[in-house]
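Secondary and tertiary structure notes
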4 protein chains.
Amino acid sequence: MSYNTFGHMFRVTTWGESHGPAIGCVIDGCPPRIPLDAGDIQPWLDRRRPGQSKFTTQRQEADQVEILSGVFEGQTTGTPISLLIRNTDQRSRDYGDIATRYRPGHADVAYDTKYGIRDYRGGGRSSARETAMRVAAGAVARKVLGAGVRIRGAMVQVGPHAINRARLEWDLVDTNPLFCPDAQALPVWEEYLADIRKKGSSIGAVVEVMAEGVPAGLGAPIYGKLDSDLAMALMSINAVKGVEIGEGFAAASLTGEENADPMRMEDGQLRFASNHAGGVLGGISTGQPLVARFAVKPTSSILTPVPSVTREGENVDVMTKGRHDPCVGIRAVPVGEAMMACVLADHLLRHRGQVGS
Amino acid sequence: MSYNTFGHMFRVTTWGESHGPAIGCVIDGCPPRIPLDAGDIQPWLDRRRPGQSKFTTQRQEADQVEILSGVFEGQTTGTPISLLIRNTDQRSRDYGDIATRYRPGHADVAYDTKYGIRDYRGGGRSSARETAMRVAAGAVARKVLGAGVRIRGAMVQVGPHAINRARLEWDLVDTNPLFCPDAQALPVWEEYLADIRKKGSSIGAVVEVMAEGVPAGLGAPIYGKLDSDLAMALMSINAVKGVEIGEGFAAASLTGEENADPMRMEDGQLRFASNHAGGVLGGISTGQPLVARFAVKPTSSILTPVPSVTREGENVDVMTKGRHDPCVGIRAVPVGEAMMACVLADHLLRHRGQVGS
Amino acid sequence: MSYNTFGHMFRVTTWGESHGPAIGCVIDGCPPRIPLDAGDIQPWLDRRRPGQSKFTTQRQEADQVEILSGVFEGQTTGTPISLLIRNTDQRSRDYGDIATRYRPGHADVAYDTKYGIRDYRGGGRSSARETAMRVAAGAVARKVLGAGVRIRGAMVQVGPHAINRARLEWDLVDTNPLFCPDAQALPVWEEYLADIRKKGSSIGAVVEVMAEGVPAGLGAPIYGKLDSDLAMALMSINAVKGVEIGEGFAAASLTGEENADPMRMEDGQLRFASNHAGGVLGGISTGQPLVARFAVKPTSSILTPVPSVTREGENVDVMTKGRHDPCVGIRAVPVGEAMMACVLADHLLRHRGQVGS
Amino acid sequence: MSYNTFGHMFRVTTWGESHGPAIGCVIDGCPPRIPLDAGDIQPWLDRRRPGQSKFTTQRQEADQVEILSGVFEGQTTGTPISLLIRNTDQRSRDYGDIATRYRPGHADVAYDTKYGIRDYRGGGRSSARETAMRVAAGAVARKVLGAGVRIRGAMVQVGPHAINRARLEWDLVDTNPLFCPDAQALPVWEEYLADIRKKGSSIGAVVEVMAEGVPAGLGAPIYGKLDSDLAMALMSINAVKGVEIGEGFAAASLTGEENADPMRMEDGQLRFASNHAGGVLGGISTGQPLVARFAVKPTSSILTPVPSVTREGENVDVMTKGRHDPCVGIRAVPVGEAMMACVLADHLLRHRGQVGS
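Residues numbered from 1 in each chain as written. Chains lettered and ligands numbered in written order. Predicted model: local features only at pLDDT ≥ 70, side-chain atom pairs only at ≥ 80, totals over all residues. Heavy atoms only, no water.

Considering the relation of the copies chain D and chain C
What counts, and what does not: Copy-to-copy superposition: least squares on the C-alpha atoms, limited to residues that have pLDDT of at least 70 in both copies. Contacts are assigned to residue pairs that have any heavy atoms within 4.5 Å of one another.
At an RMSD of 0.0 Å, chain D and chain C line up after a rotation of 180° and a shift of 0.0 Å along the axis. In symmetry terms, the pair is related by a two-fold rotation axis. The position closest to the rotation axis in chain D is occupied by the C-alpha of M232 of chain D, lying 2.4 Å away. Both copies share a contact surface, since 100% of the interface residues of chain D are interface residues in chain C too.

Some details on the sheet that holds strand β1 (residues 5-6) of chain C
What links the strands of a sheet is backbone hydrogen bonding, and the strands pair in either a parallel or an antiparallel sense. Residues and elements named next belong to chain C. Stated precisely, the cut-off is as follows: Paired strands are those between which DSSP finds at least two bridges. Numbering of helices and strands starts at the N terminus; helices are DSSP runs of H or I of at least 4 residues and strands are runs of E of at least 2.
Read across the open sheet, the 5 strands follow the order β1-β2-β3-β7-β4; overall the sheet is antiparallel. Each edge of the open sheet carries a strand with a single partner, namely β1 and β4 (65-67). Where strand β3 (residues 22-28) meets strand β7 (residues 81-86), 6 bridges bridge the pair, whose relative direction is antiparallel. Pairing of I27 across the sheet is with I81, part of β7.

As for the interface of chain A and chain B
Selection criterion: Buried area: the sum, over both parts, of the accessible surface (1.4 Å probe) that disappears when the two are put together. By definition here, a salt bridge exists when the distance from a side-chain nitrogen of Lys or Arg to a carboxyl oxygen of Asp or Glu is within 4 Å. Polar contact criterion, stated in full: a pair of N or O atoms within 3.5 Å, where within protein one must be able to donate a hydrogen and the other to accept it, and residues adjacent in sequence count only if both atoms are side-chain atoms.
Facing the 105 residues of chain A at the interface are 105 residues of chain B. For the chain A and chain B pair, buried surface summed over both sides reaches about 8,100 Å², with 64% attributable to carbon and sulfur atoms. The interface formed by chain A and chain B holds 2 salt bridges in total. Between R264 of chain B and D317 of chain A there is a salt bridge whose closest N-O contact spans 3.0 Å. Run the count over chain A and chain B and you get 53 residue pairs in polar contact (both at pLDDT 80 or more).

Considerations on the pattern of salt bridges
Evaluated as defined, the whole model comprises 96 salt bridges over all chains. For D229 of chain B, the salt bridge identified is with R350 of chain B, shortest N-O distance 3.0 Å. Remark: R350 of chain B occurs in helix α8 (residues 332-355) and D229 of chain B occurs in helix α6 (residues 226-235); sequence separation between them is 121 residues. Here D112 of chain C ties to R118 of chain C by a salt bridge, and the two come within 3.4 Å at their closest N and O atoms.

A few points about the sheet that holds strand β2 (residues 11-16) of chain B
Residues and elements named next belong to chain B. Strand order in the open sheet made by the 5 strands is β1-β2-β3-β7-β4, with antiparallel pairing throughout. At either margin of the open sheet sits one strand with a lone partner, and together these are β1 (5-6) and β4 (65-67). Across 6 bridges, β2 lies against strand β3 (residues 22-28) in antiparallel orientation. By the bridge assignment for β3, V12 is matched with I27.

Re unusual backbone geometry
Residue I222 of chain A follows P221 of chain A across a cis peptide bond; omega there is -10°. Turning to its location among the elements, I222 of chain A is positioned in the loop between β10 (205-212) and α6 (226-235).

Describing the UniProt feature "binding site: FMN" (unreviewed entry) in chain A
Definition in use: UniProt positions are given in the numbering used here, feature names are shortened, and annotations may be inferred rather than shown by experiment.
The residues that UniProt annotates with the feature "binding site: FMN" (unreviewed entry) are R125, S126, S127, N238, A239, G282, K297, P298, T299, S300, S301 and R323 of chain A. Position of S126 of chain A among the secondary structure elements: in the loop between α3 (108-115) and α4 (131-145). Residues contacting S126 of chain A, with those up to four places away along its chain left out, are A107, Y111 and N238 of chain A. Dropping the residues within four chain positions of it, P298 of chain A is found in contact with S202, I203 and G204 of chain A together with A251, L254, T255, G256 and N259 of chain B.

A short note on the relation of the copies chain A and chain B
For these two chains of identical sequence, chain A goes onto chain B by a turn of 180° and a shift of 0.0 Å along the axis, with RMSD 0.0 Å. In this assembly the copies share their binding face: 100% of the residues contributing to the interface of chain A also contribute to that of chain B.

So, the UniProt feature "binding site: NADP(+)" (unreviewed entry) in chain A
All names here are of chain A. What counts here: Each residue is assigned to one of three classes by its accessible area relative to the maximum for its type, calculated with a 1.4 Å probe on protein chains only: buried under 20%, partly exposed between the two thresholds, exposed over 50%.
The feature "binding site: NADP(+)" (unreviewed entry), as annotated in UniProt, sits at R48 and K54 in this numbering. The contacts of R48, once residues within four sequence positions are left out, are D63, A128, R129, T131, A132, V135, R331, P334 and V335. Summarising the element assignment, K54 is placed in the loop between α1 (38-48) and β4 (65-67). Under the relative-accessibility criterion, K54 is labelled partly exposed at 45%. In this structure, K54 is in contact with R197 and P326, ignoring residues within four places of it in sequence.

Points about the packing of aromatic side chains
Where we set the bar: Within 6.5 Å between ring centres, the rings of Phe, Tyr and Trp (the latter by its six-membered ring) count as paired, and their orientation is classed by plane angle as stacked under 30 degrees, edge-to-face over 60, tilted in between. Placement of a positive charge over a ring is assigned whenever Lys NZ or Arg CZ falls within 6 Å of the ring centre and within 35 degrees of the normal to the ring plane.
Inspection of every chain in the model, using the stated rule, returns 14 aromatic pairs over all chains. Here the aromatic rings of F72 of chain A and Y120 of chain D are separated by 5.0 Å at their centres, their planes lie at 85°, and the arrangement is edge-to-face. You can see F72 of chain A sitting in strand β5 (residues 71-72) and its partner Y120 of chain D sitting in the loop between α3 (108-115) and α4 (131-145), one on each of two chains. Judged by its relative accessible area of 6%, F72 of chain A falls in the buried class. Residue classification places Y120 of chain D among the buried positions, given a relative accessible area of 17%. In this structure, R350 of chain A is placed above the aromatic ring of Y3 of chain B, and the distance from its NZ or CZ to the ring centre is 6.0 Å.

A word on the interface of chain D and chain C
For clarity, the threshold we go by: Lys, Arg, Asp and Glu make up the charged group, whereas Ala, Val, Leu, Ile, Met, Phe, Trp, Tyr, Cys and Pro make up the nonpolar group; the residues left over, Gly among them, are polar.
At the junction of the two partners, chain D supplies 106 residues and chain C supplies 106 residues. For the pair chain D and chain C, the two sides together bury roughly 8,100 Å², of which 64% comes from carbon and sulfur. Viewed at the interface, chain C and chain D are joined by 2 salt bridges. Between the two partners, chain D and chain C, sit 53 residue pairs in polar contact (both at pLDDT 80 or more). Split into classes, the residues belonging to the side of chain D that touches chain C amount to 53 nonpolar, 35 polar and 18 charged. Judged from the 3 bridges that link them, strand β11 (residues 240-245) of chain C and strand β11 (residues 240-245) of chain D form a sheet pairing that is antiparallel. Following the sheet pairing, V243 of chain C is matched in β11 of chain D by V243 of chain D.

In structure tokens form, the structure reads like this:
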């Protein structure tokens, strides 16, 4: 069973391979009468687009999105929104090697084992190119959420170098191609990544995404929890190996006293003195910022040969040729934001359906 | 939108509140002609049952499971399997306090905000009691998977005390009530938890679950990845704040060279030299052990008063009375195993449906 | 793939076999704070209960419903509502015959072919006993819809004897055990059915269900149409072989002029001069009465021997013994109403989720 | 909640408006390694294409399908198949009238009531143009089913003129543009329809679809019945007002003796002496031909003015201008076949998933 859809009320289906004619998505369930045109989506795609710094893959794609349905006279109609991006940078090249030699750490061997066939060109369906459509869908989700919900992401760790949270400045994020929120960490990362790149190596990262202004009450027991849906959504991003909410794994070392989020009424409003919970209790949003982090592994496409096998079962050593992506965590920042936006939009509609406001 | 079902082909729906007459689940989609009786389920429930050591809540429940449908003459029939456990330890007590005073860190305030009503007795729907039905469903899932798939879990960290992985012995797990796999860590944990308990405090933990014998090819692109479904399933367990697969968050600090899992053919079989990936590539199982870990926060029910509010918006300090659970991570071990079993059973059927074997 | 759930936002899962210990259902997604107790459900179950006239099966079941979850202090909580009915009339008898001899027209042979096993006692899962849970769920759905939506059903044809629509009186329906709305048809049906019963024969019927007060705007393009979901729901009732909306099959013989429903504004309200459409256009409710009819086949349990085969592949003649149900269409009336109620409740929540009111 | 997807394992999502840039669909869950190219789909689209006789709308569309994903080197890969058809015949015209005046019997008023907006050009999403994608998906479904399953459709009634079933010749269907299987009915229909067309009127029809070679065992209890899924699928086709299986509504007039399908073993195979059931018992296929019929209403686009209202609530009389479709039942024949193919492909995979063969 293939499953290329997520969401219940705000449902996103993506399709397309890295080197096919196009990639696209269908967004079903979007509320009507939301102003929407390609200009609402394009900036987010531009933000994710590769080739913007030397630290990401040099693939060049215009990533021009077309809206093929579901919008009429500048507004959503409530019917499915079909988005399409033509693939333009499909270099003609000899795929002979990649067709038969499994790249270690890639989905190559897994797809072949499962399906007995795979579109090996550029990774086919398993390519990170698919994430462009997540970003496009996320742009629509942001419109559903409205201006009151603000979703931001940042890289908070590159290899061994984590930011100092005391220095975290969200406004810094969009001023540098590494989505770095710590002015002092930035030069360290740049130097570190330049070295990684020079060596033909790669490195992992941690990305944080946060939503402010989320209404309290989104999410639901028991298998529709806001945080479990978010975990699914973030873990489905290519190369992600871990997801955490609020304190996350650090909570394992905390006592109940340390992890408590005291509550008080202030001016008739419920206030929390801290946010160890990351904005969710019992799977339901509390009105505090929703905070999630995810770990991105180093890409396995490195210039060091790694033992592997061929489709025919022969031992070979495989080394990446051509484009190289020293830190895939970078481009995961806009993707993580988009997934959070989609999950929130879905839960907003689900909540409204059951509870009515 | 409430959502108390998970799985696509092997679907589990749970229902019930902590202090209602019963809890239960419906398992739909189970293949026919699988030998099954209550004796296949009861041992797993007994393993999760509270009150078995001083380190878990002293609630006493027989947790006797009844099979109400879907089994005939000792075999599954392919129709829905209804399981039911009567709640027997519903102490008559005054719930006045808990009814109106929100316990910090609990779902109390979130449920009330969302629904405007909650069954406050013992936590109602948000109680960990619900996890008994996950364990019951997991027992059925194990039968679907067959003897070739072995799923085990262990606690690998309690508060600041992690096991030494070089000493990890799976066989040790079932010999102690802490599901500890490290003989030297065990006395440390016992002493540490005794102290936590004496103080009326609580502490977090990390649980690891592993499945061996998983056929290669389970899982699917893109939103039906084995690891993203597993992330959803594990994050949905009460008090879980983080999930990771294979290296997980540690992968953020690794280079591509360090994180590589070299492949070789051995005796006509594909072998991996390491398992940083945790048994899954591109969302599809590789045949290696499937390895996941999750972080469990410390329970917020502690004997230290914490600032909180009442339903009516008054400031109060709330302190747990009565039963106390110093480390909810302990009982999460069988629950984590069960969730992994359910996800694998679901994907086994999903794969067979699409690919045919 | 077994599938014992229907609905998206208001989801009903039923389970249980005719002669197992109990049958039940789980209703997930019900809005919170709806007053509900067993007394809201029982009258509808009593209405469906067999053995109330000589024209239905003489099985005697108290059909006492228990609410096991999802209701607290007389109100729904938004969590899953578990309903259970104990089977009390499980006559001890020798099932030897039915176990091995397929009853023609029954699901026996189909279940065995599919699953290789079946609970043959009383038809097991395929028994009409399952419809009790539909009626129970329908009672909850009516509460969700509120008093403004009125759903009624009637038998409009028994064998060759259709009612005269000019004489249709809805108030008559609940005054007779045949749910007959035509005072002149009633004695004809009674005589006809008495004859059918005496002969050990059976006869088909047509049931009409109608909902008044349905808000305009429920339903959705394209595979979530109100009428296609209703068709699914009604066709899933045991023995149903046809479903139609509004004019239904009669529309095939009409011209566009004859089938038109002229519209006019009256007192600021949209009014239709007729209702050939049956209350739905483009899959969306118009505010007119929603009208559906379904055909129920004659039960195949008759006293005349019919050629059949055994499980082992031997030719036999099979004749029904014991209880006999001359017209299963009768009891389908409350079931049809319940299914319409569930579909409408689901669409009410779906609409509110997407569109917001 | 909008819902533009159907199927569980073989899932079809369609999108697009009549006069937008394109229409399309995404088929998810298709098994891998099935030979597929546009040439497998185009002939079915050509069969549905309007403008092929004077009895259907004169809209001219090339309906050239493009495969954008999911196929590699002539075979399906198991990943989503995206199909796209550009809209070429979008006449530039003044839509002023249709934008504000609701066409009686159309979805115009319903969409506006629900969404507060609609793409009124050519009916937008509610246009029968959407059915082209059903036919395209059906072509893929046929490949999944394989050559052993043969699905055919025919028109069996036009207005008051039904075929004589004794004369039914399936081979005749593809020799005439009315999909008529009765050589004597054909000239009657032609004359009748010519008259309807001349008058600017329209007329309803009944279509029959049949699948032979369906394996026994497809379908499932209780809300995944083969016939209830088929009812949903057929009722979702534009203008369909009724669906029946086997005897359908005629079963209401039959006795149990008349409706019985006697069984016998012949040469080790189960044989039925008749097929009143239409190939399905208890929601599960029996191996007999699967037979369904559906009623198509007359299109409401007629040249006679019908009282209606405007968007602003003024009374008007509305008359169709431009293209005119005297009998939309004609083009429903290939659509009905396609829907049956999709439902069967879905159930084939669902069955294999649960039962394993």
